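Residue-level listing of the chains:
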Amino acid sequence: MKTQAALSRRTILLMAVVTGVIVANLNFIQPIENLIAADFNLSKAVVGMLAMLTQLGYAFGLLLIVPLGDIFDRYHLIQFMMMLSILSMLLAFWSPNAGVFAVATTLVGITSVAPQIIIPYAGYLAPNLQRGKVLGIVLSGLLTGILLSRSFSGLLGSVMPWQDIYLIAAAIDLIFLAIVHFRLPHDARGHQDLNYLKVIGMLPKLFMTQRELRGSAINGFCLFGMSNVLWSTLAFYLAAQYHLGSNVAGLLGLLGIAGVLAAPMIGNLVDQRSPRLTVGLGMVFSGVAFVIFWLIGHWLFGLIVGIVLLDLGTQFSQVSNQAIVQSLNRRESSRNNSVFMFSYFLGGAIGTLSATWAWSHAGWTGVCGVAVVFLAIAIAGHLLIGEPEHLNVEQ
């Protein structure tokens, strides 16, 4: 098949790297929240809302922009969104006050959706029996970008003005835009005769009529919400408990390398065993992580073990659910991904907002309590809706 032949190992690696570079834009704010709060004279609750705006903007970008991948040539759409993302990053760099930065960080979220156009594109190009493995590799790039973005931001924020982080990131994104232009495969589908408003109007129907999509959307909402419960409050906790700064918050992000290394293995488990099994493992790892945070998170060792387990749980959920979503109707792959990822980052935004609120009112115990609520919803979805025992490979 021509489209499958186009997906060489080099192409898969390119997709993984570009996905990681772009998604990094969403997470620069997390380790430097204390610096932004001090610079703009904001409370921790308000700066938490700024971080939430990035996630919320991304969620609506997923809902309104990603479905365009089912209408337009994805080769050109990916590049167009990368350019808009670069402009948004430059606005964040220039922001003279909190109001302008709030607009900029929302636009960073809305425009940084190219990874969620790349992921269904990779799923479309991948041979059916290797889709989980290919998506595992691309998603390992996504998680690597998330992890390194926190380290990149935290470390640079300790030695230079935090605004410069956005300028440097915009320059890196520009370099990769040029690489994508020359190296990414052209979309072999040609123009799709679809109406945008009709495509957007179909999203609720896709959610309601596809049990597998509903299950993945709820699970992704909850487990990414749990991830953001930690990462949106970690800088505050490190400062209060250990008197440590943004550089340490960034370094702790590197602990998620376990999830990166596990992603291809998780993809193989999904292909060969069961996505229901791997989704269940994701909930177990994430739940145990917050038990550890609550019981021994006041010791650095406990914090480290919990972060490793939480990132593993997030990766198990992400790879498993993406494989489920991309095993559904290929003609609707971008729309299905849009529904799933909208729910995913809506959960992240609510996790960020609720955790910063809980931190202000109940400290670390309140933060862990918020995570328990997300986990309870995930378990209910797993029991009531469930995931398929095997992926649909006959498309």
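Quick caveat, the model's predicted, so the values are computed rather than measured.

Moving on, we come to the overall build of the protein chain. A count of helical and extended segments in the protein chain gives 18 helices and zero strands. The C-alpha atoms of the protein chain give a radius of gyration of 20 Å, which matches the 21 Å a tight globule of 395 residues would have. The C-alpha extent of the protein chain, read off along each of the three principal axes, is 55 × 45 × 35 Å. By the burial criterion, 61% of the 395 residues in the protein chain qualify as buried. Long-range pairs, those at least 24 residues apart, make up 85% of the contacts in the protein chain with a sequence separation of at least 6. Of the charged side chains in the protein chain, 19 are positive and 15 negative; the average position of the first set lies 6 Å away from that of the second.

Moving on to the side chain of Thr19. Note that Thr19 resides in helix H2 (residues 9-23). At 2.6 Å, the side chain of Thr19 and the backbone oxygen of Met15 are in polar contact. Setting aside residues no more than four positions away along its own chain, Thr19 makes contact with Pro115, Ile118, Val138 and Leu142.

Now for helix H15 (residues 257-272). Under the 1.5 Å per step criterion, the end-to-end length of H15 is 24 Å for 16 residues, consistent within 8% with the ideal 22 Å. Along its length, H15 shows its largest kink, about 45 degrees, at Ala263, and proline Pro264 lies within four residues downstream of that point. Among the residues of H15, Gly259, Val260, Ala262, Ala263, Ile266, Gly267 and Val270 are the ones counted as buried.

Glancing now at unusual backbone geometry. Non-glycine residue Asn41 carries a positive phi angle of around 55 degrees. Topologically, Asn41 is positioned in the loop between helix H3 (33-40) and helix H4 (44-64). Classification of Asn41 by relative accessible area gives exposed; the value is 71%. Even without being a glycine, His243 presents a positive backbone phi close to 60 degrees.

Turning to the confidence of the model for the protein chain, a few remarks are in order. With 95% of its residues at a pLDDT of 70 or more, the protein chain shows a mean pLDDT of 86. Counting contacts from residues 1-5, a segment whose pLDDT is below 50, to residues more than four positions away or on other chains yields nine contacts.

Considering all chains together, one arrives at 20 aromatic pairs under this definition. Here Phe28 and Phe152 contribute two aromatic rings whose centre-to-centre distance is 5.5 Å and whose plane-to-plane angle is 45 degrees, an arrangement assigned as tilted. Separated by 124 residues along the polypeptide, Phe28 in the loop between H2 and H3 and Phe152 in helix H8 (residues 131-157) bring together distant segments of the chain. On the accessibility criterion, Phe28 (3% relative accessible area) is buried. For the ring pair Phe224 and Tyr344, a centre distance of 4.3 Å and an interplane angle of 15 degrees mean the geometry is stacked. Here Tyr344 lies in helix H18 (residues 333-384) and Phe224 lies in helix H12 (residues 211-231), a separation of 120 residues in the sequence. For Phe224, a relative accessible area of 4% translates into the label buried. Residue classification places Tyr344 among the buried positions, given a relative accessible area of 4%. Aromatic rings pair up to connect Phe28, Phe40, Phe101, Phe152, Trp162 and Tyr166 into one cluster.

Side chains of Met83, Leu87, Leu90, Leu167 and Leu174 sit close together on the surface and give an oily, nonpolar patch of about 410 Å² of accessible area. Sorting the residues of the nonpolar patch by element identifies helix H5 (74-94) and helix H9 (163-183) as the ones contributing at least two each. Structurally, Met83 is set in helix H5.

Moving on to helix H6 (residues 98-111). The end-to-end C-alpha distance of H6 is 20 Å, a good match for the 20 Å that 14 residues give at a rise of 1.5 Å each. Looking at H6, one finds that the buried residues are Phe101, Ala102, Ala104, Thr105, Val108, Gly109 and Thr111. As for H6, its buried residues are in contact with H3, H4, H5 and H9. Capping the start of H6, Asn97 holds a side-chain oxygen 3.1 Å from the backbone nitrogen of Gly99, two or three residues further along.

To continue, consider the packing of H12 against helix H17 (residues 300-326). Where H12 meets H17, the axes come as close as 9 Å, and the angle between the chain directions of the two elements is 155 degrees. Here H12 is positioned roughly antiparallel relative to H17, judged by the angle of their axes. Helix-helix and strand crossings are classified by hand; for H12 and H17 the assignment is left-handed. Where H12 approaches H17, its residues Glu212, Leu213, Ser216, Asn219, Gly220, Leu223, Phe224, Met226, Ser227, Leu230 and Trp231 are matched on the opposing element by Ile307, Leu310, Asp311, Gly313, Thr314, Ser317, Asn321, Ile324 and Val325.

Reading the values: rules and limits
Residues numbered from 1 in each chain as written. Predicted model: local features only at pLDDT ≥ 70, side-chain atom pairs only at ≥ 80, totals over all residues. Heavy atoms only, no water. Helix = DSSP H or I, 4+ residues; strand = E, 2+ residues; numbered from the N terminus. Rg over C-alpha atoms; globule rule 2.2 N^0.38 Å. Buried < 20%, exposed > 50% of the residue type's maximum accessible area, 1.4 Å probe, protein only. Contact = heavy atoms within 4.5 Å. Lys, Arg positive; Asp, Glu negative; His and termini not counted. Charge placed at Lys NZ, Arg CZ, Asp CG, Glu CD. Polar contact = N/O pair within 3.5 Å; in protein donor to acceptor, adjacent residues only side chain to side chain. Expected span 1.5 Å × (residues − 1). Bend = angle between axes of the 7 residues up to and from the residue. pLDDT = per-residue confidence, 0-100. Phe/Tyr/Trp six-rings, centres within 6.5 Å; stacked < 30°, edge-to-face > 60°. Patch = residues over 30% accessible without salt bridge, like charges linked within 9 Å, V, L, I, M, F, W, Y side chains within 5 Å. Areas by Shrake-Rupley, 256 points an atom, 1.4 Å probe, with all protein chains shown as cover. Salt bridge = Lys/Arg side-chain N within 4 Å of Asp/Glu carboxyl O. Axes fitted to C-alpha atoms, helices over the stretch in contact; angles between N-to-C directions. Parallel < 35°, antiparallel > 145°, perpendicular 65-115°, else oblique. Left-handed = near helix turned anticlockwise from the far one by under 90°.

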